[in-house]
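# Remarks on the overall topology
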Amino acid sequence: MSLFSKECKQILKSLIFYIFIVIFVLYITTQFGGDAEDINLINKPEAGQEEYGYKITDNPEEIMDYAVNGIIYETYINSYSTYPFGFYKEIKLNENELQDMEELIYRLTGDKWDDIVSDYDNYIPPVKTEYSEFLEIMADACEIIGKGSSYEKEEMENHTTVPMTYEDAMEEYESMINKDHVTGTYARLFCDYAVILLAIIPVFFGVTRCLRDRRAKAEGVIFSKSVSSAKIIISRYMANVVMIFLPVLITALIIQIPYIYSAEAAGISADYMAFIRYSVIWLLPEIMIVTALSFAVTELTGGIWAIFIQFVWAFASMLSSSTLVGDFGLKLVVRWNTLGGADSYLRQVNDLYINRAFYVGLSVVLVAVSILIYSVKRKKGAAEHGKIRKSGN
Amino acid sequence: MEIRIENLQKSYGKKQALKNVNLNIKSGMFGLLGPNGAGKTTLMKIITTLTKKTAGNVDVCMVPVENSKKIREMTGYLPQEFSMYGNMTAYEALDYLAVLSGLSRKERKEKVPEMLEKVNLSEQRNTKVRAMSGGMKRRLGIAQAIIHDPKVIVVDEPTAGLDPEERVRFRNLLCEVASEKIVILSTHIVGDIEATCENIAVLNEGEIIFNGTVSKLLQMVKGNVYQAQVSSAEIAQLKEQFLVTGILTSGSISTVKIVSDEKPLKNAEQVQADVEDAYLYLMHNCTGKKLSGKEV
Amino acid sequence: MEKFVSLEISFVKKHYFKHILLALLFAILSGAVVSFKNLNELQSARVMEMYVSILGIILFTPLFMPEQDREIWRLEQSKKLSVVNLYILRILTAVIFLLATVSIFIIIMRQNNCEFPVLKLWIFSVCEILFLGSIGFFVSAVTNQVVLGYMAAIMYYMINFGATEYLKKLALFQVMRLGKYDFWYYMLAVSVLLFAAGISIREIRSKK
């Protein structure tokens, strides 16, 4: 415990800690502060409004309509968005491929491509196929475009959004008040923003800590102490996780205040614990896994390579995701970039728990690996590991 | 209380750093002498469980070195390159290292100021490590090596880079803490050994070439050390012929110290041997190389 | 000059080589990750600004790797050769690699039927990537902590996904978003400033 508190104190005295706080607070307030004006979401939707926002649909008619519109547009500009290896990749087709695509569109709509193009701006595609046939045609389209396009079955069925009706909006409103208690809605958005930074920042803490002994030439003497490797690594790991999480938690507590006020003002009882609960479930595991990986990689390599690994992992995770809302899977960066959607969230929340539990588990494994590497290094002598000093005298 | 080393071998790949080393180290100051690269650090790292041996047995106070936890509790180690986190004060650094040695808060509250006092760093307790001189760091190093009251203290080249005054102070400090303990001191500076150690071992290219008391080492050259005045121009030639262990030049005349079985020059007269003469003689016999002593 | 060159070669061999390999790996991987075929102007800019720009971080941040060991730094300062020249030479080495990679990417895109104003995009990419790199350089120069340099540069890159309006003329991704090439000289000027300031502050601070 005393080692843990000494490690915390060391972090408190380090430059990286304050750079982190400045970046984090600035980032959250510029991203999230803007949304504070959206507190009017608490207002009840009224009949006859121009729009009520969007929702994800599972209606085949709507899915087909949306996808056909999309494929005609993408063919028209000859630019298809795909995510083949997780990264966004733009596909352009050659003449032959375009002709095949036009043929597919003909099968979908019954309209010749030339006719479509001639009055493109006013063209509304009729969908002439059954859903099963539609899926087959789209599968052919995916063959032409390549892996990771928007026309893969799962993609279309999970991510087609349509405008909400008044009834939809009322339902949404009810669940925000009854299930999210207002603050829950905002807590999810807060986590959505925070998790992006927290998918990277802990790596800098981890690498700094693990390289510090050698940098300070304190490695030899620390190696020779009677304290166990497990105690050294766990204290350092815990100290970093706690010291990164603390500013996040404090920011969350402060940033929720206006939402609590406006909820109370509207006579709705807010959930005071929502920001804390969401931060612990959503963000703490993120900090844990990124820190753990950086410890393991840095103890193993003795270099800064964890930074690049983490950078690639975080960006791959962010860019590979075809939606910014839910669909948690085992993504490192789990997102919910929308206000509301309580029902949809509650449907998926178990996936989120599984995702976060998985990463907590993985963190434990990686910390164990770090301990192992550290104790091996300690017995073999750092000189044989680092390439700096020659062996012998 | 002793350290027993039997048939110890250590190799790094093809390079043999230690060849069949046998030593018995009893309480008191023990000097490990040898040129750079002789294997001193390797030997010390094996004793402090920081390097695995390739073959042989090493026991520290009856505990085999394989039991690293136990050994680390009993030993205090001051590595050749000792430092701590630059932003810590002397007090904080010692306190941190004391935690790693398993001292409780209460023990540390008492021991840390006591140790700082002992190594004469009380006044500099708030000096940051990065602002410390080499001597201060070394004293801090000794404090951290003895704070948990170990039975064995291992110090690797502790006087390298210290000025003469600091060096003397440091040696005295070592002698003070050595009572009732085993202190192993490695150095390539003969003066350190002469001033402090009763028992010594000389290591060369991974082999023990001498093991015994200082007087036994001196015995080897007793009556064989001569001093003579020669013209400075002759020195080069003398070095070819004899083992020259010291040269003091003033103008065109130089006073040379020579170790030789017979009287080397007509005007040479016998003088008292010191450890340096003996050491150089030993190394000379061992490597067959002509070694020259200090030039002033 | 000869001495500087040999010092530079030793720097590249001992420290920089791994980072160049990383940059190379990164460039090769681009084939799998982004497409170079038939891109229009904004899409071509996207490749340079979002992907190739990372090379700035990889190439310019680790230039103080040897001096992470303070002893080496002090030793260098004690020598007759000026450390400042040494640093400038390292920057130049990195700039050469940068120019080469940007040119290669531009040529590859050109060969693959992408349409964009070659010179304009080349100049802009070089300046933007240099600018991003100079942030990493500056922070690691001043703090002598390479890790903090990476942190600053990567954070700057990430923040540009959202908060570009606050960054005004130093915002990244301007071409792919707005098709604006106007800001290159700001970025060039600021990079030069950051390189110069980084070295000066570093040397002044270290001698205190």
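Heads up: these notes are all about the structure in this document. (Residues numbered from 1 in each chain as written. Chains lettered and ligands numbered in written order. Predicted model: local features only at pLDDT ≥ 70, side-chain atom pairs only at ≥ 80, totals over all residues.)

With that settled, the discussion passes to the overall build of chain B. The number of helices and strands found in chain B is 10 helices and 15 strands. In summary, chain B has a C-alpha radius of gyration of 21 Å against a globular reference of 19 Å for 296 residues, a match within 12%. Judged by the C-alpha coordinates and their principal axes, chain B covers about 70 × 45 × 35 Å. Among the 296 residues that make up chain B, the fraction classed as buried is 47%. Looking at chain B alone, contacts between residues at least 24 apart form 67% of all its contacts between residues at least 6 apart. (Helix = DSSP H or I, 4+ residues; strand = E, 2+ residues; numbered from the N terminus. Rg over C-alpha atoms; globule rule 2.2 N^0.38 Å. Buried ≥ 20, exposed ≤ 12 C-beta atoms within 10 Å, placed from the backbone. Contact = placed C-beta atoms within 7 Å.)

In terms of nonpolar packing, the biggest core is built from 139 residues, with A:Val195 and C:Ile154 touching the most fellow members. Among the elements that line this core, the one with the most residues is helix H14 (residues 274–301) of chain A, at 15 residues. If you look at the next biggest cluster of nonpolar residues, it comprises 92 residues, including B:Val152, B:Phe170, B:Leu185 and B:Ile193. (Core = buried A, V, L, I, M, F, W, Y, C linked by C-beta atoms within 7 Å.)

Turning to the pairing of strand S6 (residues 75–78) of chain B, a few remarks are in order. Two faces make up the sheet, and in a regular strand the side chains alternate between them. Residue and element names in this part refer to chain B. Covered by surrounding structure in S6 are Thr-75 and Tyr-77 together with Gly-76 and Leu-78, the residues of both alternating faces. Of the strand pairs in this sheet, S6 and strand S7 (residues 152–156) are connected by 4 bridges, and their pairing is parallel. Note that in S7 the partner of Tyr-77 across the bridge is Val-154. (Pairing = 2+ DSSP bridges.)

With that settled, consider helix H5 (residues 134–146) of chain B. Each α-helix turn comprises 3.6 residues. Residues three or four places apart therefore point the same way. For H5(B), with 13 residues, the first-to-last C-alpha span of 19 Å sits near the 18 Å given by 1.5 Å per residue. Burial within H5(B) is extensive, with 10 of its 13 residues counted as buried. Every buried residue of H5(B) is listed here: B:Lys137, B:Arg138, B:Arg139, B:Leu140, B:Gly141, B:Ile142, B:Ala143, B:Gln144, B:Ala145 and B:Ile146. In this structure, the buried residues of H5(B) make contact with helix H11 (219–223) of chain A together with S6, helix H3 (90–100), helix H4 (105–118), S7 and helix H6 (164–177) of chain B. (Expected span 1.5 Å × (residues − 1).)

What follows covers the interface of chain C and chain A. With 23 residues of chain C at the contact, the number on the chain A side is 22 residues. At the level of secondary structure, the elements contributing two or more residues to the side of chain C that touches chain A comprise helix H1 (2–33) and helix H7 (146–162) of chain C. With 10 residues, the top contributor of residues to the side of chain C that touches chain A is H7(C). Grouping the constituent residues of the side of chain C that touches chain A by class yields 16 nonpolar, 6 polar and 1 charged. (Nonpolar A, V, L, I, M, F, W, Y, C, P; charged D, E, K, R; others polar.)

All names here are of chain B. Taken together, the 4 strands give an open sheet; going across it, the order is S2-S1-S4-S5, and neighbouring strands pair in antiparallel fashion. The outermost strands of the open sheet, each flanked by one partner alone, are strand S2 (15–26) and strand S5 (63–64). Bridging between strand S1 (residues 2–12) and strand S4 (residues 55–60) involves 5 bridges; their strand directions are antiparallel. Bridging across to S4, Glu-6 finds its partner in Asn-57.

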